[in-house]
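Reading the structure
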Amino acid sequence: QAFRVDIIREEEGALEFDMVGIDAAIANAFRRILLAEVPTMAVEKVFVYNNTSIVQDEILAHRLGLIPIRADPRLFEYRNQGDEEGTEIDTLQFQLKIKCSRNPQAAKESSDPNELYFNHKVYSKHMTWVPLGNQTDLFPDADFRPVHDDILIALLRPGQEIDVLMHCVKGIGKDHAKFSPVATASYRLLPDITLLQPIEDEAAEMLQKCFSPGVIEIQNIKGKKVARVANARLDTFSREVFRHESLKNLVRLARVRNHYIFSVESTGILPPDVLVSEAIKILMGKCQRFLNELDSVPME
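What counts and how
- Residues numbered from 1 in each chain as written.
- Predicted model: local features only at pLDDT ≥ 70, side-chain atom pairs only at ≥ 80, totals over all residues.
- Heavy atoms only, no water.
- UniProt positions renumbered as here; feature names shortened; annotations may be inferred.
- Helix = DSSP H or I, 4+ residues; strand = E, 2+ residues; numbered from the N terminus.
- Pairing = 2+ DSSP bridges.
- Contact = heavy atoms within 4.5 Å.
- Axes fitted to C-alpha atoms, helices over the stretch in contact; angles between N-to-C directions.
- Phe/Tyr/Trp six-rings, centres within 6.5 Å; stacked < 30°, edge-to-face > 60°.
- Buried < 20%, exposed > 50% of the residue type's maximum accessible area, 1.4 Å probe, protein only.
- Lys NZ or Arg CZ within 6 Å of the ring centre and 35° of its normal.
- Arc of directions from axis to C-beta.
- Core = buried A, V, L, I, M, F, W, Y, C linked by side-chain atoms within 4.5 Å.

Considerations on the UniProt feature "domain: DNA-directed RNA polymerase RpoA/D/Rpb3-type" (unreviewed entry) in the protein chain
Sequence positions flagged by UniProt for "domain: DNA-directed RNA polymerase RpoA/D/Rpb3-type" (unreviewed entry) are, in local numbering, residues 14–293. Helix makes up 22% of residues 14–293 and strand makes up 35%, while its end C-alpha atoms are separated by 36 Å.

A closer look at the sheet that holds strand β3 (residues 40–51)
Spatial strand order, β3-β12-β5-β9: 4 strands in an open sheet with antiparallel pairing. This sheet does not close on itself; its edge strands, each paired only once, are β3 and β9 (128–129). Here β3 pairs with strand β12 (residues 161–171) via 10 bridges, running antiparallel. Bridge pairing links V46 to M166 in β12. Sheet strands touched by helix α2 (residues 57–65): β3, β5 (92–99) and β12. Its angle to β3, the strand with the most contacts, is close to 150°.

Thoughts on the packing of aromatic side chains
Geometrically, a pair of aromatic rings is defined through the distance of the ring centres and the angle of the planes. If you walk through the whole model with that rule in mind, you get 9 aromatic pairs. Taking 5.4 Å as the distance between ring centres and 80° as the angle between the ring planes, the aromatic pair formed by F139 and F144 counts as edge-to-face. Since its relative accessible area comes to 12%, F139 is described here as buried. Judged by its relative accessible area of 7%, F144 falls in the buried class. The cationic tip of K170 hangs over the ring face of Y78; the distance from NZ or CZ to the ring centre is 4.9 Å. Sitting over the face of the ring of F237, R255 holds its NZ or CZ atom 4.0 Å from the ring centroid.

Overview of the environment of Q208
Its place among the elements puts Q208 in helix α5 (residues 201–210). Classification of Q208 as partly exposed rests on a relative accessible area of 33%. Residues Q208 and A106 lie 102 residues apart in sequence; the distance between their C-alpha atoms is 60 Å. Apart from residues lying up to four places away in sequence, Q208 is in contact with I216, E217 and I218.

Quick notes on the side chain of S180
Mapped onto the secondary structure, S180 falls in the loop between β12 and β13 (182–195). Assessed through its relative accessible area of 14%, S180 is described here as buried. Residues contacting S180, with those up to four places away along its chain left out, are L35, T40, G173 and T267.

Re α5
For α5, every residue scored as buried is listed here: A204, L207 and C210. One side of α5 carries all its buried residues, which in axial view fall inside an arc of 115°. Looking at α5, the residues exposed on the side facing more than 90 degrees away from the buried face are E202 and K209. Buried residues in α5 make contact with β13, β14 (216–221), β15 (224–229) and β16 (251–266).

Things to note about the sheet that holds β13
In a beta sheet, neighbouring strands pair by backbone hydrogen bonds and run either parallel or antiparallel. Here we have 4 strands laid out as an open sheet, ordered β1-β2-β16-β13, and antiparallel in their pairing. Bordering the open sheet on either side are β1 (4–11) and β13, each of which pairs with just one other strand. Sheet twist, expressed as the mean angle between neighbouring strand axes with direction ignored, is 25°. Across 13 bridges, the pairing between β13 and β16 is antiparallel. When the bridges of β16 are listed, A185 appears paired with V264. On top of the sheet, helix α6 (residues 272–296) reaches β1, β2 (14–20), β13 and β16; it is set at about 40° to β2, its chief contact.

A closer look at the nonpolar core
Membership of the largest hydrophobic core comes to 26 residues, with the highest contact counts inside it found for L64, L96, M127, I153 and I162. Breaking this core down by element, the ones donating at least two residues are β3, α2, β5, β11 (152–155) and β12.

Shown next, in the form of structure tokens:
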């Protein structure tokens, strides 16, 4: 009944929120679902038609697989096992075809590869979406592409080229880390800092230096500097205060046992608020399946 969720900070790609009134097992389950069970689209198969770069085919395929693809996985189905071709409902197809050549206009004394060569750096922006089947009609406004255009894939020299075709499929981080939708998903308990008695003057200044900026503030009361706890959630639990004999018995450090501070950083495939809502749906589905299993067990 006391459960609540408070949004603390929301930015592009990052979200911080509080979950209050839950058990540690639920908090950890939610974190693990974010890491390993919210699906995304990622490169699964790479068909190498030509690769004369110094990057081996296997390494190239691995690098391509780790590039986050901006595509809503909710629009696609999971590919069936043994299906090599893929269809418009379960596969996104990308092509990377690029060749390095010399720049005839470059100065003779130049040694800068950016001046001497064309296309000597292969970036994720060179990956182009190739619609499968009727995907052009299914997704008329789609903009399927890598999340970031400046991910360096390989370096080429004149005459070297890369010609590959990629199949992106739907998967989860439990199967491979490339499918994980978050860069980080973590939680910590809310710090609880209590001053057991008034701390003044030099002791107050020393106490302030023992904590992260913003945790302890000093007020001027009747000509005296008095310390007070301003914002305990900024504390990182360095325990520096216990190094000082004059302070260690004046402060109590604890944590609020049912107040969790979550930090979620998206890879850019989906906004963090969408990831959180999808994780909640998955957790609810797990609970419902468990209840259904209990109902199906015959009672003696």
